[in-house]
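So you can see what is in the structure, the chains are spelled out below.
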Amino acid sequence: AQKVTQAQTEISVVEKEDVTLDCVYETRDTTYYLFWYKQPPSGELVFLIRRNSFDEQNEISGRYSWNFQKSTSSFNFTITASQVVDSAVYFCALSEATGGFKTIFGAGTRLFVKA
Amino acid sequence: DAGITQSPRYKITETGRQVTLMCHQTWSHSYMFWYRQDLGHGLRLIYYSAAADITDKGEVPDGYVVSRSKTENFPLTLESATRSQTSVYFCASSELGQGAASYEQYFGPGTRLTVT
């Protein structure tokens, strides 16, 4: 069965600090997809990144970077030089090919960035 | 309007009543999903659909019914609402990519449902 664990419930940082959000997943599939979504205080859910199980390359997009390690079943998300606008709940999610692509979300990590 | 919409945005109902939450998408995406969001649980999948007339259970399907007669619509019905179904409900859609790749989901704005 698929499972996503985001052990950090809440994180509080001061602006300009770097912060890493952890995501650990469980799956028996060899083909699967990992996602990160952002939910700002306004409530909408915004897609950030998708990774498939065959692509372990790390990715950087501006101040955001993602570290995918199959050996530890982790897909961590780092925000460099955090800003107040980064304050949100961040969700990691997993979609398995054999599961009909139903997606399971972690419980989310609430990030507070203080000015 | 293009995109994915949900109605109503807010609903208050009484225990035992039937409630239907609507979801409409204009992209003709194959996949549609219903989630509920509760504090401490993140998003939990209720039902999903791979195409019109194809639906399947998610993590928490009990007490809910779905249908999908048209690709663009995916209504969620609470047959007899209970207080435990008070939640924020999100609908999402997604396309199936090349080589059966799973693509990202696009979410509606959510429906806040209160059952008294």
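Remember, it's a predicted structure, so these values are computed and weren't measured experimentally.

A count of helices and strands for chain A gives 0 helices and 12 strands. For chain A, the sequential pattern of α-helices and β-strands runs β-β-β-β-β-β-β-β-β-β-β-β. The C-alpha atoms of chain A give a radius of gyration of 14 Å, which matches the 13 Å a tight globule of 115 residues would have. Reported as C-alpha extents along the three principal axes, the dimensions of chain A are approximately 45 × 25 × 20 Å. Counting every position in chain A, which comprises 115 residues, the buried fraction comes to 49%. Per element, the accessible surface of chain A, about 5,400 Å² overall, is 49% carbon and sulfur. Side-chain charges in chain A split into 11 positive and 13 negative, and the spacing between the mean points of these groups amounts to 3 Å.

Moving on to the overall build of chain B. In terms of regular secondary structure, chain B is built from 0 helices and 11 strands. Counting from the amino terminus, helix and strand elements in chain B follow one another as β-β-β-β-β-β-β-β-β-β-β. Taken over the C-alpha trace, chain B has a radius of gyration of 14 Å; the compact-globule value for 116 residues is 13 Å, and the two agree within 12%. Judged by the C-alpha coordinates and their principal axes, chain B covers about 45 × 30 × 25 Å. Expressed as a percentage of the 116 residues in chain B, the buried residues total 48%.

At the interface, 19 residues of chain A touch 21 residues of chain B. Roughly 1,700 Å² of surface becomes buried between chain A and chain B when both sides are summed, with 59% attributable to carbon and sulfur atoms. It is A:Leu45, A:Phe101 and A:Phe105 in chain A that bury the most area against chain B; as a group they hold 30% of the surface buried on that side. Elements that contribute at least two residues to the side of chain A that touches chain B include exactly β5 (32-39), β6 (46-52), β10 (88-96) and β11 (103-105) of chain A. For the side of chain A that touches chain B, the element with the most residues is β5(A), which contributes 4 residues. Its residues placed into classes, the side of chain A that touches chain B shows 10 nonpolar, 7 polar and 2 charged.

Analysis parameters
- Every residue gets a number counted from 1 within its own chain, in the order that chain's sequence is written.
- To label them, take the chains in the order written and letter them from A, then take the ligands in the order written and number them from 1.
- Local features in this predicted model are restricted to residues of pLDDT 70 or higher, and side-chain atom pairs are both shown and tallied only at a pLDDT of 80 or more, whereas totals for entire chains, interfaces and linings draw on every residue.
- To get the side-chain values, all heavy atoms of the structure are used, and hydrogens and water are removed first.
- Secondary structure elements are taken from DSSP: a helix is a run of H or I of four residues or more, a strand is a run of E of two residues or more, and numbering for both begins at the N terminus.
- Computation of the radius of gyration draws on C-alpha atoms alone. For the globule rule, the value is 2.2 Å times the number of residues to the power 0.38.
- Under the scheme applied here, a residue whose accessible area is under 20% of the maximum for its type counts as buried, over 50% as exposed, and between as partly exposed, the area being computed with a 1.4 Å probe on protein chains only.
- Working definition of accessibility: Shrake-Rupley area with a 1.4 Å probe, residue cover restricted to the visible protein chains.
- A positive count includes Lys and Arg, and a negative count includes Asp and Glu. His and the chain ends are not counted in either.
- Charge positions come from single atoms, namely NZ of Lys, CZ of Arg, CG of Asp or CD of Glu.
- Residues count as neighbours in contact if any of their non-hydrogen atoms are within 4.5 Å of one another.
- Each of two parts loses accessible area, computed with a 1.4 Å probe, when they are put together; buried area is these two losses added.
- Polarity classes work like this: nonpolar for Ala, Val, Leu, Ile, Met, Phe, Trp, Tyr, Cys and Pro, charged for Asp, Glu, Lys and Arg, and polar for all others, with Gly in that last group.

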